[in-house]
Amino acid sequence: MPSVTRRQFVLGATVGSTVEQQHSLGLSSDGDTTNSWSFEDDIEFTTVPSVGSDLVYVASRQGYNYRSELYALDADTGSERWRFSPEQYIRTPATEGSELVYVGGLSGLYALDTERGEEQWHFEIGRVRSGPTVANGVVFAGTDDGKLYALDAGSGDEQWNFE
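Each value, and the rule that gives it
Residues numbered from 1 in each chain as written. Predicted model: local features only at pLDDT ≥ 70, side-chain atom pairs only at ≥ 80, totals over all residues. Heavy atoms only, no water. Helix = DSSP H or I, 4+ residues; strand = E, 2+ residues; numbered from the N terminus. Buried < 20%, exposed > 50% of the residue type's maximum accessible area, 1.4 Å probe, protein only. Contact = heavy atoms within 4.5 Å. Areas by Shrake-Rupley, 256 points an atom, 1.4 Å probe, with all protein chains shown as cover. Pairing = 2+ DSSP bridges. Axes fitted to C-alpha atoms, helices over the stretch in contact; angles between N-to-C directions. Polar contact = N/O pair within 3.5 Å; in protein donor to acceptor, adjacent residues only side chain to side chain. Salt bridge = Lys/Arg side-chain N within 4 Å of Asp/Glu carboxyl O.

1. A look at the overall build of the protein
Broken down by element type, the protein carries zero helices and 16 strands. With 163 residues in all, the protein has 46% of them scored as buried. Within the protein, contacts between residues at least 6 apart in sequence are counted, and of these 29% link residues at least 24 apart. Total accessible area on the protein stands at roughly 8,500 Å², and carbon and sulfur atoms take up 43% of it.

Structure representation (structure tokens):
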């Protein structure tokens, strides 16, 4: 497992005609350029990067049609390992659990296999407002309607919700 301490992931900005858009993601290691990398594409990153055990996750927007993708990049090299394209827009940074990664979107919470990015479950709870948190086998997510949901991290079954 790579060490991500003292590494800094930086989103690069390209200024458009009316909005500032994030089109590149890079790694800086305390000024040591031997381990630096960058990932660029003709996309706009919409979440801050989050770091898992050996992957960096970042979501992008594809045009203005509310389609987005979650990229999983190798933390050491910056190469793309996989990408996930849900039906709806991704709104939150990803959170990695023991074997799954969780991300919130306009239509609920997704759980993906960390190895291949395949959807394991999707829980429809409306717009997820906060980044998911995982603890003791439970994933927690807050929604635009003011509810906090607790779901079984492995199955996606609702444990409880709070208004």
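2. Describing the sheet that holds strand E15 (residues 148-152)
The four strands lie next to each other as E13-E14-E15-E16, forming an open sheet whose pairing is antiparallel. One side of each edge strand has no neighbouring strand; the edge strands of this open sheet are strand E13 (133-135) and strand E16 (158-162). The sheet shows a mean angle of 20 degrees between the axes of neighbouring strands, direction not considered. Where strand E14 (residues 138-142) lies against E15, five bridges are found, and the strand directions are antiparallel.

3. As for the side chain of aspartate 113
Residue placement: aspartate 113 occurs in strand E11 (residues 108-113). Polar side-chain contacts of aspartate 113 include one of 2.9 Å to the backbone nitrogen of arginine 116. Beyond its immediate sequence surroundings of up to four residues, aspartate 113 is in contact with Trp82, Glu99, Leu100, Glu118 and Gln120.

4. Observations regarding the environment of leucine 112
Within the fold, leucine 112 resides in strand E11. According to the relative accessible area criterion, leucine 112 is buried, its value standing at 0%. Along the primary structure leucine 112 and glutamate 99 are separated by 13 residues, whereas in three dimensions their C-alpha atoms are 8.6 Å apart. Other than its neighbours up to four places away in sequence, leucine 112 contacts Leu70, Trp82, Phe84, Glu99, Leu100, Val101, Gly117, Glu118, Glu119 and Gln120.

5. Observations regarding the environment of proline 132
Note that proline 132 resides in the loop between strand E12 (119-123) and E13. Separated by 37 residues in the primary sequence, proline 132 and threonine 95 have C-alpha atoms spaced 6.1 Å apart. In contact with proline 132, other than residues within four places in its own chain, are Thr92, Pro93, Thr95, Tyr102, Val103, Gly104, Leu109, Val139 and Phe140.

6. A short note on unusual backbone geometry
Phi is positive for asparagine 136, which is not a glycine, with a value near 50 degrees. Tracing the backbone shows asparagine 136 in the loop between E13 and E14. Exposure remark for asparagine 136: the relative accessible area of 80% places this residue in the exposed category.

7. Quick word on the pattern of salt bridges
The final tally for this structure, using the stated rule, is eight salt bridges. Residues glutamate 80 and arginine 83 are paired through a salt bridge, measuring 2.9 Å at the closest nitrogen-oxygen approach. One salt bridge in this structure joins arginine 116 and glutamate 118, with 3.5 Å as the shortest N-O distance. The class of arginine 116 is partly exposed, set by a relative accessible area of 49%. Judged by its relative accessible area of 41%, glutamate 118 is partly exposed. Within the structure, one salt-bridge network assembled from shared partners comprises Asp54, Asp74 and Arg81.

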